[in-house]
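Spelled out, the chains give:
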Amino acid sequence: MPVTESHLVSSLPHGLFIDGGWRPASGHSTFDVDDPSTGEPIGVAVADGTADDARAALDAAVAAQPGWAATAPRERSQMLRRAFEGCLARADELALAMTLEMGKPLAESRGEVAYGAEFFRWFSEEAVRIDGRYTVAPGGDGRIIVTSRPVGPALLITPWNFPLAMLTRKIAAAAAAGCTMVCKPSELTPMTALVLFEVLVDAGFPAGVCNLVTTTDAPAVSAALLADERLRKVSFTGSTRVGKALFAAASDHLQRVSLELGGNAPFVVLADADVDAAVEGALAAKMRNGGEACTSANRFVVHRSVVDRFTDAFATAMAGLQLGRGTDEGVQVGPIIREADRAKIARLVDDAVDRGAQVVTGGSVVDRPGWCFEPTVLCDVPGGASILSTEIFGPVAPIVTVDDVDEAVAVANDTEAGLVAYLYTRDVDRAITVAERLEAGMVGINRGVVSNPAAPFGGIKSSGLGREGGAEGVEAYLETQYLGVALG
Ligand code: NAD
C-alpha cells in the first residue's frame, strides 16, 4: 500500500533516540517542520533536544564504545548490510519524508534513498577490510606492527539538503570503523532521520551505538559535546561558516575533525567538447537537488566558439523543467528550502543583471505557494558579479565566456572553494592535464555527477578537510597505532 502523508506524519517515532530507546527531550519541548512547497507547518512534533540531552546521548555512546569496538568486523558488517536492506524496504517512507520536509521531487528523493542506502552496503564491505602492516625494522632487531583502532565516540552533524545520504555517509563509516556516535541532523529535516533510526533499530545495532538528538539549538548541543573530552571526533557537513567555528571549538580537546563544506563548482566546456553531452551534464550538475547541492555547478565557464550553441540548448532544457510541489506527478524542480534563501538567490540574479549579465531564461521567483524560483540561465556574466563568488544553492546558471584553456583554468580556480569541478573535452590528454590543474578535490570529466559511495568525496581549500566514502571514508574514524616489538 502506498504511504500517505498523513500516515507518515502520524507514524513517525516520537522523541530522541538515546541508549537504545526513544525518550522525550528533557524539557518535553517539541518543534514543527515547514513544508517548503507550501510554506506551512507539516504538523509534526519533533523532540527539541537540549545540551543535557546531548550529554546523555554522549554518556550512552561512551558506555557502548568498548563493546562496539570489540565486535567482530563481520558482525558490524552484517548490521550495516541489514541497514542497507532496511532503507530499501522503507524507501517510500524515507522518500516521502524527504520530499515533505525538504521539497525535492519524489523521483529525486527515491534516488537519494538508493544513493544513501549504498553507503551502508559499501561500508558493510569495508568493515571487514580494515588492515594494517607488519615490517622488519631497518636494524633487523625488531618488528613494526601498524594497526588501527576506532577513534572513539563521534558527533555527526548534517545539513538539510540531502537529509538521508549525508547521515548514512557518516553513520555507515563510523559504525564500520567501530565508533559509537551522536547524530545531530538539521532542524529543517529531522523526519527523514527519525525514519532512518527505525531502520537502524531493526538492523540490530546495540544500545548506545547510534544515538539521535534532534534540536533547534544546534550551537548549544554541539558546544556541550565538544567541551567534553570523551567525544573524540566531529564530522560535519554544512556551511563553511559553521565548519570553521566547529574546527576552532574542537581545538580545546583536539577532537578529530572532518569537514564537508560549501562549494563553488566551475563547469568548464572547452572548444572541442561534445556540446550535446555538455548540455546534458550541465543539467545534471546544475539541477540535481534543484541546485541545492554542494556539488552544484555554480559557474559555467564556456569557450567562445561553443558558447552560443551551449547557451541556447541549455536554456531550452532549463525552461522546459516543470516546477511545483515535489509530491505532484511530473514535477522536476521543487521549491527552495526557505523564503530567505530564495530571496538571497533573487538578490544574486539582480546584482548580476545590474552589472550587465543577460537573462536568457527565468530570472524570477514563481508566483505560487512555497518558495519556488525559476530555472534561470544568465550569460555574459561579468567578473565582479557576486553570483560568481557566492554559493548560489538554487536553480541559476551563470555563464562566463573564455577564449582559451589557460583563461578557463584561471576563472575556474578563482574561488576559495575547492570541492568539485566539471570538465568537458573530447581530448583525453587535455582532460587529464587540465583536470590536474583544477583546484578541486573531485573532477567530473565529461560527466555532471561525481557522487559515488565507492569514491572519496571531499574538497580542498575552504571546502573542507578529509574524505567520505571510498576506502578513505573509514579512515576518518580510525587512529593509527604502532606496536614496536623487540626480538631476542
Ligand atoms: P548549516 O551550516 O547552516 O547547517 C548544517 C548543520 O549544522 C545543521 O545540522 C545545523 O543545525 C548545524 N549547525 C548550525 N549552526 C551550528 C553551530 N553553531 N554549531 C553546530 N552546528 C550547527 O548548513 P545548511 O544550510 O544546513 O547546509 C547547506 C550547506 O551545506 C551548504 O554550504 C552546502 O554546500 C553544504 N553542504 C556540503 C556538502 C559536502 O559534502 N561538502 C554536502 C551537503 C551540503
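Residues numbered from 1 in each chain as written. Predicted model: local features only at pLDDT ≥ 70, side-chain atom pairs only at ≥ 80, totals over all residues. Heavy atoms only, no water.

(A) Broad picture of the sheet that holds strand S15 (residues 297–303). Across the sheet, 7 strands lie side by side as S16-S17-S18-S15-S14-S19-S20; this open sheet has mixed pairing. Since the sheet does not close on itself, it has two edges, and those belong to strand S16 (358–361) and strand S20 (442–445), each with one partner. Across this sheet, the average inter-strand angle for adjacent strands is 25°, counted without regard to direction. In the sheet, S15 pairs with strand S18 (residues 396–402) via 4 bridges, with the strands oriented parallel. What sits directly across from Val302, in S18, is Thr401. Those strands touched by helix H11 (residues 304–319) are strand S14 (265–269), S15, S16, strand S17 (376–379) and S18, and its axis lies near 140° from that of S15. (Pairing = 2+ DSSP bridges. Helix = DSSP H or I, 4+ residues; strand = E, 2+ residues; numbered from the N terminus. Axes fitted to C-alpha atoms, helices over the stretch in contact; angles between N-to-C directions. Contact = heavy atoms within 4.5 Å.)

(B) Highlighting the domain arrangement of the chain. Domain boundaries assigned for the chain yield domain 1 (5–262 + 463–483) and domain 2 (265–414 + 420–452). Relative to domain 2, the C-alpha centre of domain 1 lies at a distance of 31 Å. Across the contact, 24 residues belong to domain 1 and 27 residues belong to domain 2. Summing both partners gives a buried area of about 2100 Å² for domain 1 against domain 2, and 57% of it is carried by carbon and sulfur. Broken down residue by residue, the surface that domain 1 buries against domain 2 is led by Pro36, Ser37 and Trp160, which jointly contribute 25%. Here domain 1 is connected to domain 2 by 2 salt bridges. (Domains from an automatic or database assignment. Buried area = accessible area lost by both parts, 1.4 Å probe. Salt bridge = Lys/Arg side-chain N within 4 Å of Asp/Glu carboxyl O.)

(C) Layout of the pairing of strand S13 (residues 256–260). Along S13, 4 of the 5 residues are buried, which leaves the element largely enclosed by surrounding structure. With 5 bridges joining them, strand S12 (residues 233–237) and S13 adopt parallel strand pairing. Across the sheet, Thr237 pairs through a bridge with Glu260, a residue of S13. Read as a crossover between parallel neighbours, the route from S12 over helix H9 (residues 240–249) to S13 is right-handed. Note: S13 against strand S21 (residues 464–465), 2 bridges, orientation antiparallel. Looking across to S21, one finds that Leu259 is bridged to Leu465. (Buried < 20%, exposed > 50% of the residue type's maximum accessible area, 1.4 Å probe, protein only. Right-handed = clockwise from strand over helix to strand, strands pointing away.)

(D) Looking closely at the packing of aromatic side chains. Throughout the structure, instances matching the rule amount to 12 aromatic pairs. Ring centres 5.6 Å apart and planes at 85° place the aromatic pair Trp160 and Phe393 in the edge-to-face group. Separated by 233 residues along the polypeptide, Trp160 in the loop between strand S9 (154–157) and helix H6 (165–177) and Phe393 in the loop between S17 and S18 bring together distant segments of the chain. A single burial state applies to Trp160 and to Phe393, both of which are buried. Between Phe310 and Phe314, the aromatic rings sit 5.4 Å apart at their centres with planes inclined by 45°, giving tilted as the arrangement. (Phe/Tyr/Trp six-rings, centres within 6.5 Å; stacked < 30°, edge-to-face > 60°.)

(E) Expanded view of the site of the ligand. With respect to spatial proximity, 29 residues lie near the ligand, and among them Thr158, Lys184, Glu187, Ser239 and Glu391 are the closest. In this structure, an oxygen atom belonging to the ligand sits 2.6 Å away from a side-chain N or O atom of Glu187. Between the ligand and Ser239 there is a distance of 2.5 Å, counted from an oxygen atom to a side-chain nitrogen or oxygen. Considered on its own, the ligand offers 840 Å² of accessible surface; in the complex 88% of this is hidden by protein. Looking at the shell around the ligand, the elements with two or more residues in it are H6, helix H8 (218–226), S12 and H9. With 3 residues, the top contributor of residues to the shell around the ligand is H8. When grouped by side-chain class, the residues that make up the shell around the ligand number 15 nonpolar, 9 polar and 5 charged. (Near = heavy atom within 4 Å. Polar contact = N/O pair within 3.5 Å; in protein donor to acceptor, adjacent residues only side chain to side chain. Areas by Shrake-Rupley, 256 points an atom, 1.4 Å probe, with all protein chains shown as cover. Nonpolar A, V, L, I, M, F, W, Y, C, P; charged D, E, K, R; others polar.)

(F) Expanded view of the pattern of salt bridges. Scanning all chains against the criterion turns up 22 salt bridges. Here Arg90 and Glu198 are joined by a salt bridge, their closest N and O atoms 2.6 Å apart. You can see Arg90 sitting in the loop between helix H3 (73–89) and helix H4 (91–102) and its partner Glu198 sitting in helix H7 (residues 190–203), a full 108 residues away along the chain. One salt bridge connects Arg338 with Asp341, and the closest N-O pair in it is separated by 2.8 Å. Here the residues in one salt-bridge network are Glu5, Asp35 and Arg325, joined through shared partners.

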